[in-house]
Structure formats: C-alpha cells, structure tokens
Amino acid sequence: MPVIHAEGLSLEFQTPDGPLLALSDVDLSVESGDFVSLIGPSGCGKTTLLRAIADLEQPTSGTLVVNGGSARQARLNRGYGYVFQAPALYPWRNVERNVTLPLEIMGLSKAERRERAARYLDMVNLAGFERKFPWQLSGGMQQRVSIARALSFEPDLLLMDEPFGALDEITREHLNGELLRLWHRTRKTVIFVTHSISEAVFLSTRIVVMSRRPGRVHDVIESDLPDDRTLDMRDTEAFLKIAHRVREGLEAGHSYDD
Amino acid sequence: MTDAIEPSPGKAPSFWARLSRRRGVPIATILLVFIGIWYAAAIPMNRQVIVQRYTLQDVDWTTSMLIRDSWSYSRPILPAPHQIAVHLFDSVFMQKINSRRSLVFHTRVTGTATLLGFFLAAIFGIALATGIVFVRTLDRSLMPWIITSQTIPILAIAPMIIVALGSMGIRGLIPKAVISLYLGFFPIVIGMTKGLRSPDPLQLDLMRTYSADKWQFFRYLRWPASVPFLFTSLKVGIAIALVGAIVAELPTGAQAGLGASLLSGSYAGNMLAIWSALVMAAILAMSMIGLIQLAEFLNSKRTGGRV
C-alpha cells in the first residue's frame, strides 16, 4: 500500500482577487522507502502539494491518503516530520531544546529526550553544539538542527520543503550528501521539494516534474541511478540523461500557458 | 579612555561588565552642564523675592550678595541643587522613620500602593491579552473599551474611584492600588497582545505539524515569544503605576505618601519639600525599573539573548 496516494487532487485559494487555482487534478503515489522529489518552476504549487499532504492546506477536491488514512489523521498521529524552507528554530531555545521540542509536546521523559537529541544531533554532525543558541550557528547548521528536530520523533515520513534553498552551492552539495547518507541509514520515505535539477536527480529515486500554475504533474521520472551515489556521479552519462529529461519536462511545463 | 570592552563573539558579557562599559565621562559632562544651568537659573528666578526682602529690611545689596542669597534662601522659588540635596538628606536620614516628616515613610506608603497596583496590573494585563489573542470576539469587543479607558483623564476618574470605594469602607492602600492598576494594565495589555501574536507563520505551522493543542501553542510558542515584549511593557507599566499612586494621593488630601508630600508642599509654598518628594519619586521609579531590568537580564541569559 502506498504511503501517499493522491488522485484528482485540486486546491483553490480564496484571495481578494478571486479564487486562485494552485493545484489542478494532481495524481501522485509514493511507496514506502521512496525518495521523491517535486520539481517545478516557482509558484507551480509544489509547496502547496507538500502542505496539503501535511494537512497545512485543505484540498478543494480529489482524494488524498496519507499513511493509510486522511492527511488530518496523519498529522494528528504525528505521522510525518516537516522541514521548512527556513530553519524555523525557536530563538529562545538552545540547539538541544529545539530538537527536543516535539518530544516535549509528545510527553517523553527527560532522559529519553536528551538521549534522542544526542543521537540525532550526532547524525547531522552537530554533536557538541547542544548548548549553542540558534543565532550562534551558520545557516547550514541551523537547517541541520531543523532536520534533527524532524527526525527526533522518528516519523516514517519526512516532508522537506526546499530545505537547502537558502544556502550556498557548496554547503548545499555537502548537505545533499549528508541527507542521502541519512536516508540510506534510516530508509524513511522522503518527499523533497526543490527547484534545482541536479539536487533532484542526485537525491531521488523518483522525480515528479510539475508544470506551471495551476500545478499539475507533468512527468514522473524513475531514476535508475545506483543507491550509493557520490557527488562525482553528476558527470556520468546516466546522471546527465535523467537531468536532461527533467529539464525537458520543465521546459515543456513552462511553455504550457505561453 | 572609555572605550567599550567588546565581548568575545558568542559570549554574552556579564552584568557587571555591561555596567562598567557605560561611558562615564559624557554622562558626567552633561550632568555638570545641567547643574551649572540650574545654578545660573536660580539667580533670576529668586531675584524678585530676595530683592523684596532687601527693600523691606532696607539693606544695600550687591550682586555677590544676591547670588549668595539666591542659592541659600530658605523659601526659594527655585532652590539650588545643594539645597535640595540637604533637604533630601535631612528628610530621609534625620527623621524618625515613621514620622510624617520622613520621606522614607512617604516613599514606603506610595511604593507599597504602586507595587500592589502594578502586580495586579501585570496579572490583569497578561490575562486580558491572552484572552484577546485566543478568543477572536474578545479582540473586537474588549479592545475599544481598553483604549477608551485610557482617554479619560486620570485626574477626573481618581476622585470618583476613591469616593466610591470609600463609601464601601475601603480606604488607604486599596483605592490607590486600584488607580495604579487602572493606568498600569494598559501598556501591559497592548505589549502582550503584540507579543503573543509575534510568532511568525512558520513557527506556528511547526506547532501544527506536531498537532499541538491550544495550551501547548501557548506554553511552547506564544508565551516564550512574548517575553521580550512583556519586560518592555512591564517597565512602562510600573512607571505609570507610580504616577497613578501619586495622583491617587492628591484628591483625598491624603496625609501619607509622596503625593501627599507634594500637595502639602504646594499648599505651604515649600518648593524644597516638593523637589525632595519629586527626587524621591524618581529614585523610587528608577529602582523599580532597575529590578525589572535585572530580571530581564537574567532571563535573557537563560534564553540565549544577545543582550
């Protein structure tokens, strides 16, 4: 059974200028253990789709199944971890207490919280930074804290909305490598929003190319790249072939309403 | 030199380092200039009464006599700073602490009313702000009344409160605290409403993804986000609560409190008493605000603030 199943999903925002169709008739299926990237031009609704899966937006029509139930049920069950575009750390909490925030809300014991924080901060290479406050960290480190926070309550599903969008190229590539290793180790289902082609190809088992607003799925590309990927692979023919197909999809999607 | 000692990056400076970092020389210069102007102003201000006395006593007076006398006359229009200092010292340290001539006594009376009123204002203000933020209808229905309450001059409403409470047998401390509360809650409601609404959409979404309940939203997000606003509004609130307590002491012709000292000083035309009471009120306000600032500093150390 798929972790996420969307069929004919449409979402309309009510704005002062009238209704705005953000998603139109989206079909999407994500299997357990998939790493799925949503890629598309700005404003194509990829973030909206992710937010709908997270029950942060309400679809206007269509069906959406998350973890075998409704999106709302999945949220109430804390069935997913969400990583936002910005780290969204609470500045009055130190790194450790930011990571343990969801655990406090879920009522875990103090010992268990500390143990989890140590484990997941170590996983994102931030051991030793427990007592620092967010403003004392770089942007990349802050985003890693927010990933540790999303992992800390051990959801099987990870929703990531352009988590590295605000970072420089080098940091971004470094964190891509780390994320891939993390995914190998945990085998969580990941849905990853990006507008970087190389990031999408490098990370994903499946790439969903979305077209311009109103957002719809233009193409779904299965990646046949091996599981243990390295940054050098980006120059191989297999990598470039997939990247090319993504680019073609994006260009076709772009010209959609031109 | 007064060069600031820059804290090492990533490390908050200690409270004492921050104190000593303040620039002493410019402050002292301004103070000296200010005192100089004051002494100079005392001469023309007091000239008339002193010359009148010279004429009455039929003395030949010189400029140096006028200057000397305008800085030492016992019932001046504008007393010189050292006269106020002497009077203040006398009424603080040289009187029995429970006598009505002791400013310590009056300060304690006013201070108690202020603190009680401020304490109630803080609770009331925070509770109102919480209600306004969590219940949408309260925002619409209460806010206009809260703002209206502050447009009525306190001088008009204070006697009404005192008479009304007095007719119910409540006198002394409580009516004064009520007026302090009336003035002091306003900046706290406004500041806390703003503070509780300060979390950005992302921070709110994060709590939603944890399916946090309303209480958890408050405890983990809205409350800690509002704390900087809280301290700012508490500082405004306590200063204005002191004004409320002093104003509340005027209409009854109260026998105790800094407001009463001001009133009796003005009835008697005793400028020295008025100035001393004013200085005491300023010292009282500064020490109360200082305490809040200390609490703010200790809290910001705990929450990693860049102070």
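For clarity, every value in this text was computed on a predicted model and none was experimentally measured. (Residues numbered from 1 in each chain as written. Chains lettered and ligands numbered in written order. Predicted model: local features only at pLDDT ≥ 70, side-chain atom pairs only at ≥ 80, totals over all residues. Heavy atoms only, no water.)

## Comments concerning the sheet that holds strand S7 (residues 189–194) of chain A
Residue and element names in this part refer to chain A. With mixed pairing, six strands are arranged side by side in an open sheet as S5-S6-S7-S3-S8-S9. One side of each edge strand has no neighbouring strand; the edge strands of this open sheet are strand S5 (80–83) and strand S9 (217–222). The sheet shows a mean angle of 15 degrees between the axes of neighbouring strands, taken without regard to direction. Where strand S3 (residues 35–39) lies against strand S8 (residues 206–210), four bridges are found, and the strand directions are parallel. Looking at S8, one finds that Leu38 is bridged to Val208. Against the sheet, helix H1 (residues 46–53) contacts S3, S5, strand S6 (157–161), S7 and S8, and its axis sits at roughly 150 degrees relative to S7. The strands that helix H6 (residues 139–152) touches are S5 and S6; relative to S5, the one it contacts most, it runs at about 170 degrees. (Pairing = 2+ DSSP bridges. Helix = DSSP H or I, 4+ residues; strand = E, 2+ residues; numbered from the N terminus. Axes fitted to C-alpha atoms, helices over the stretch in contact; angles between N-to-C directions. Contact = heavy atoms within 4.5 Å.)

## Observations regarding the packing of helix H5 (residues 103–134) of chain B against helix H6 (residues 136–149) of chain B
Residues and elements named next belong to chain B. Viewed as axis vectors pointing N to C, H5 and H6 meet at an angle of 135 degrees, and their least axial separation amounts to 6 Å. The pairing of H5 with H6 is recorded here as oblique in orientation. Of the residues in H6, those touching H5 at Leu128, Gly131, Ile132 and Phe134 are Arg136, Leu138, Asp139, Leu142, Met143 and Ile146. Here the residues of the contact of H5 with H6 are counted per class, giving seven nonpolar, one polar and two charged. (Parallel < 35°, antiparallel > 145°, perpendicular 65-115°, else oblique. Nonpolar A, V, L, I, M, F, W, Y, C, P; charged D, E, K, R; others polar.)

## Remarks on the interface of chain A and chain B
At the junction of the two partners, chain A supplies 24 residues and chain B supplies 20 residues. In total, about 2200 Å² of surface goes out of reach between chain A and chain B, with carbon and sulfur atoms giving 63% of it. On the chain A side of the interface with chain B, the three residues burying the most area are Trp92(A), Ile105(A) and Trp135(A), jointly 31% of the side's total. Counting across the interface, chain A meets chain B through one salt bridge. The partner of Arg51(A) in a salt bridge is Asp205(B), with the nearest N and O atoms 2.7 Å apart. At the boundary of chain A with chain B, the tally comes to eight residue pairs in polar contact (both at pLDDT 80 or more). (Buried area = accessible area lost by both parts, 1.4 Å probe. Salt bridge = Lys/Arg side-chain N within 4 Å of Asp/Glu carboxyl O. Polar contact = N/O pair within 3.5 Å; in protein donor to acceptor, adjacent residues only side chain to side chain.)

## Here's the deal with the environment of Gly79(A)
Residues and elements named next belong to chain A. Relative to the helices and strands, Gly79 is located in the loop between helix H2 (71–76) and S5. Judged by relative accessible area, which is 13%, Gly79 ranks as buried. Each C-alpha atom of the pair Gly79 and Phe153 lies 9.5 Å from the other, and the pair is 74 residues apart in sequence. (Buried < 20%, exposed > 50% of the residue type's maximum accessible area, 1.4 Å probe, protein only.)

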